[in-house]
Structure formats: structure tokens, C-alpha cells
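Here is how the chains run, residue by residue.
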Amino acid sequence: METYTSLIEDTRDFVKKELENDASGHDWWHIFRVCNTAKTIAQSESADLTVVELAALLHDIGDWKFHNGDESVGPAKASKWLVENDVPDAIICAVCDIIKTLSFKGANVATPMSTLEGKVVQDADRLDAIGAMGIARAFAYGGHHNRLIYHPDQPPELHDSFEKYKSNKGHSINHFYEKLLLLKDRMNTTTGKAMAEERHQFMEQYLNQFFKEWDGH
Ligand code: ADP
Ligand code: NI
């Protein structure tokens with residue numbers, strides 16, 4: 001069987017360069033963590049490691065949040081890179097299909113993944129949005145976008161369209177209720193579900209402590 005060790009190394013360098021200056025919680029180290037988590041899940045779920053690793057590496061290179069809401073930038077960039085590197089069509093299709101479907105698009109918007117590899121990468125990406133890492137990223141994102149940490153008069157909203165989710169400018173604590181606490185029930189694989197459980201509990205504990213301190217206790 002053909003291996004793709006050097007393609008994966010080159011892809012890693014390409015992505016590192018592309019995301020070099022991102023300080024919003026979407027930096028290279030997010031990709032690094034998602035890639036490692038995706039490999040752990042892929043091994044225990046027997047998914048194709050090449051597709052999983054390529055999709056994990058390329059999944060955020062053209063994020064809609066940084067391209068005026070344009071969702072087609074990422075898959076186009078990824079596909080261009082893979083075509084330039086003579087990757088077989090079947091792998092390109094599998095990888096780009098995963099990248100297109102990956103993102104969370106609102107509490108009441110379904111984003112079903114059709115392949116095992118897609119389920120694995122989506123689980124890994126979601127795991128990095130929860131737990132200790134997720135808390136850090138939520139506040140990093142909020143700071144980057146000038147959002148308040150919390151405002152008691154602004155309750156969370158459960159968005160039923162990607163448009164509404166996308167245009168939301170609420171405080172960062174709302175994001176826990178609009179996305180982060182919902183992720184554990186959206187995990188695809190058995191391995192991912194088990195990993196999400198611990199991270200979810202940690203966030204609940206964090207929020208309890210947050211509100212206790214908010215109230216002066
Ligand atoms: P995904 O990888 O599911 O597409 P995103 O790209 O939407 O995740 O978000 C990147 C990181 O920024 C995640 O950790 C996410 O939870 C966080 N984030 C996104 N939107 C907000 C927001 N409105 N407030 C706080 N954090 C956010
Ligand atoms: Ni991501």
C-alpha cells in the first residue's frame with residue numbers, strides 16, 4: 001500500500017505557514033491538537049489515517065469567519081493544494097467533502113458526516129472546542145472580537161440557521177450555551193463520546209465556579 005508520509009509532512013508545513021499569524025484560537029496549535037486527537041480516534045475506530053490526517057490538517061485553512069462568511073474558500077484552497085501535489089482524486093474528494101461539512105453551524109442546524117473519516121475529524125475538532133482547551137479558545141475568540149466575558153442581561157439564543165449563528169455578537173459565556181455544552185451529544189464515534197464526557201464535566205464545573213464568583217462568593 002502506498003504511504004503518504006512526505007505529503008503529510010509537506011501539508012503540515014503548508015498549513016503552519018497559512019495559519020502563522022492567527023491569534024484567535026484558530027492557530028496552528030489548534031490544528032496540531034485536532035490532528036493528534038483525530039489520529040487517536042482513527043486508530044481506535046479503524047479509520048483511514050491518510051484521509052483523517054489530511055482533513056485534520058487542512059480543515060481550517062479558509063475558515064468562513066475570516067473570509068466575510070464565505071464558506072467555499074477552505075475546500076477550494078485544500079483542493080488546490082492536493083491537486084498540485086498529485087494526490088489521487090478519491091483522496092481529494094474524501095478530504096474536501098469532510099472540510100465542507102465539518103463546521104458547527106448553530107444549535108438547531110444539523111451537520112451530518114457521511115464517512116467514518118469525517119466523523120473522526122469532526123469529533124476531534126469538536127473535542128478541541130470543549131474542556132480546558134475549549135474554555136481558553138472561547139475567551140481568546142471573544143477577546144479577538146471585542147466581546148464581553150459575560151453580560152447578565154443577554155441570555156443565550158439557540159440558532160436555527162447558520163446565518164443567525166454567524167451574525168451573533170453576544171458575550172463569550174453565551175457561547176457555552178449556544179454551542180460548547182451541546183457538543184457532547186453531537187459526537188459521532190464511541191471513542192469521541194467517551195473523551196467528550198470528561199471535557200464536558202470540566203466545563204460545567206468551570207461555569208458553576210464562574211457564576212459563584214460573579215455573585216461575589
Ligand atoms: P468549528 O471548528 O466547530 O468550526 P469554530 O471555527 O466555529 O469552530 O470556532 C473556533 C473556536 O472559536 C472554537 O473554540 C469556538 O468555540 C470559538 N468560538 C466561535 N464562535 C465563538 C463565539 N461567538 N464566542 C466565543 N467563542 C467562539
Ligand atoms: Ni477547527
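Parameters and conventions
- Every residue gets a number counted from 1 within its own chain, in the order that chain's sequence is written.
- For this description, chains carry letters from A and ligands carry numbers from 1, given in the order in which they are written.
- The predicted origin of the model limits local features to residues at a pLDDT of at least 70 and limits the giving and counting of side-chain atom pairs to 80 or more, whereas totals for whole chains, interfaces and linings rest on all residues.
- Hydrogens and water are ignored here; the side-chain numbers use all heavy atoms of the structure.
- Strands are runs of DSSP state E lasting at least two residues, helices are runs of H or I lasting at least four, and both sets are numbered from the N terminus onward.
- Only protein chains enter the calculation, and the probe is 1.4 Å; a residue is then buried if its accessible area is under 20% of its type maximum, exposed if over 50%, and partly exposed in between.
- Any two residues whose heavy atoms approach within 4.5 Å at even a single point are treated as in contact.
- Each polar contact in these results corresponds to two N or O atoms within 3.5 Å; when the atoms are within protein, one needs to be able to donate a hydrogen and the other to accept it, and residues that are neighboring in sequence are counted only if both atoms are side-chain atoms.
- Any N, O or S atom lying within 2.8 Å of the metal counts as a donor, and for Na, K and Ca the limit rises to 3.2 Å; water is left out, so some sites can look incomplete.
- Each label reflects the angles at the metal, where four donors whose angles all fall between 85 and 135 degrees are tetrahedral, four or six donors whose opposite pairs open beyond 155 degrees and whose other angles stay between 65 and 115 are square planar or octahedral respectively, and the rest are irregular.
- Only Phe, Tyr and Trp rings take part, Trp by its six-membered ring, and two of them pair if their centres are within 6.5 Å. Stacked means planes under 30 degrees apart, edge-to-face means over 60, and tilted covers everything else.
- Every residue gets a pLDDT, meaning the predictor's confidence in that residue, from 0 to 100.
- Whenever Lys or Arg places a side-chain nitrogen within 4 Å of a carboxyl oxygen from Asp or Glu, that contact is recorded as a salt bridge.

1. A closer look at the overall build of the protein chain
Step number 1: A count of helices and strands for the protein chain gives ten helices and zero strands.
Step number 2: Counting from the amino terminus, helix and strand elements in the protein chain follow one another as α-α-α-α-α-α-α-α-α-α.
Step number 3: A total of 217 residues make up the protein chain; the buried ones form 47% of that total.
Step number 4: Pairs at least 24 apart in sequence give 68% of the contacts found in the protein chain among residues at least 6 apart.

2. A short note on the side chain of Asn174
Step number 1: Mapped onto the elements of the fold, Asn174 is located in helix α9 (residues 172-178).
Step number 2: One polar contact links the side chain of Asn174 to the main-chain carbonyl oxygen of Gln154, over a distance of 3.2 Å.
Step number 3: Once you skip the residues sitting within four places of it in the chain, Asn174 turns out to touch Gln154, Pro155 and Pro156.

3. A look at the coordination of the nickel ion (ligand 2)
Step number 1: The protein atoms that coordinate the nickel ion (ligand 2) are His30 (NE2), His59 (NE2), Asp60 (OD) and Asp125 (OD), at distances spanning 2.1 to 2.2 Å.
Step number 2: Each of the four donor atoms around the nickel ion (ligand 2) contributes to a set of angles spanning 80 to 167°, which defines the coordination as irregular.

4. Topic: the packing of aromatic side chains
Step number 1: Under the definition given, this model contains twelve aromatic pairs.
Step number 2: Each ring, one from Trp29 and one from Phe32, has its centre 4.9 Å from the other, and the planes form 75°; the classification is edge-to-face. Of this pair, Trp29 and Phe32 both sit in helix α2 (residues 28-45), three residues apart, which is roughly one turn of the helix.
Step number 3: What makes Trp29 partly exposed here is its relative accessible area of 48%.
Step number 4: A relative accessible area of 35% places Phe32 in the partly exposed class.
Step number 5: Here the aromatic rings of Tyr150 and Phe211 are separated by 5.2 Å at their centres, their planes lie at 80°, and the arrangement is edge-to-face. Of this pair, Tyr150 sits in the loop between α7 (131-144) and α8 (162-167) while Phe211 is found in helix α10 (residues 190-214), placing the two residues 61 residues apart along the sequence.
Step number 6: Looking at Phe211, the relative accessible area reads 24%, which means it is partly exposed.
Step number 7: Every member of this aromatic cluster is reached through a ring pair, and the members are Phe139, Tyr150, Phe176, Tyr206, Phe210, Phe211 and Trp214.

5. Considerations on the confidence of the model for the protein chain
Step number 1: For the protein chain, mean pLDDT is 90; residues scoring 70 or higher make up 90% of the total.
Step number 2: When mean pLDDT is taken per element in the protein chain, α10 scores highest with 98 and α8 scores lowest with 80.

6. Overview of the pattern of salt bridges
Step number 1: By the definition in use, this model includes eight salt bridges.
Step number 2: Linking Arg12 and Glu53 is a salt bridge whose minimum nitrogen-to-oxygen distance equals 2.9 Å. Of this pair, Arg12 sits in helix α1 (residues 5-18) while Glu53 sits in helix α3 (residues 49-58); the two residues are 41 residues apart in sequence, bridging distant segments of the chain.
Step number 3: On the basis of relative accessibility, which here comes to 8%, the residue Glu53 falls in the buried class.
Step number 4: Ionic pairing is found between Lys80 and Glu84, a salt bridge with its closest N-O pair at 3.1 Å.

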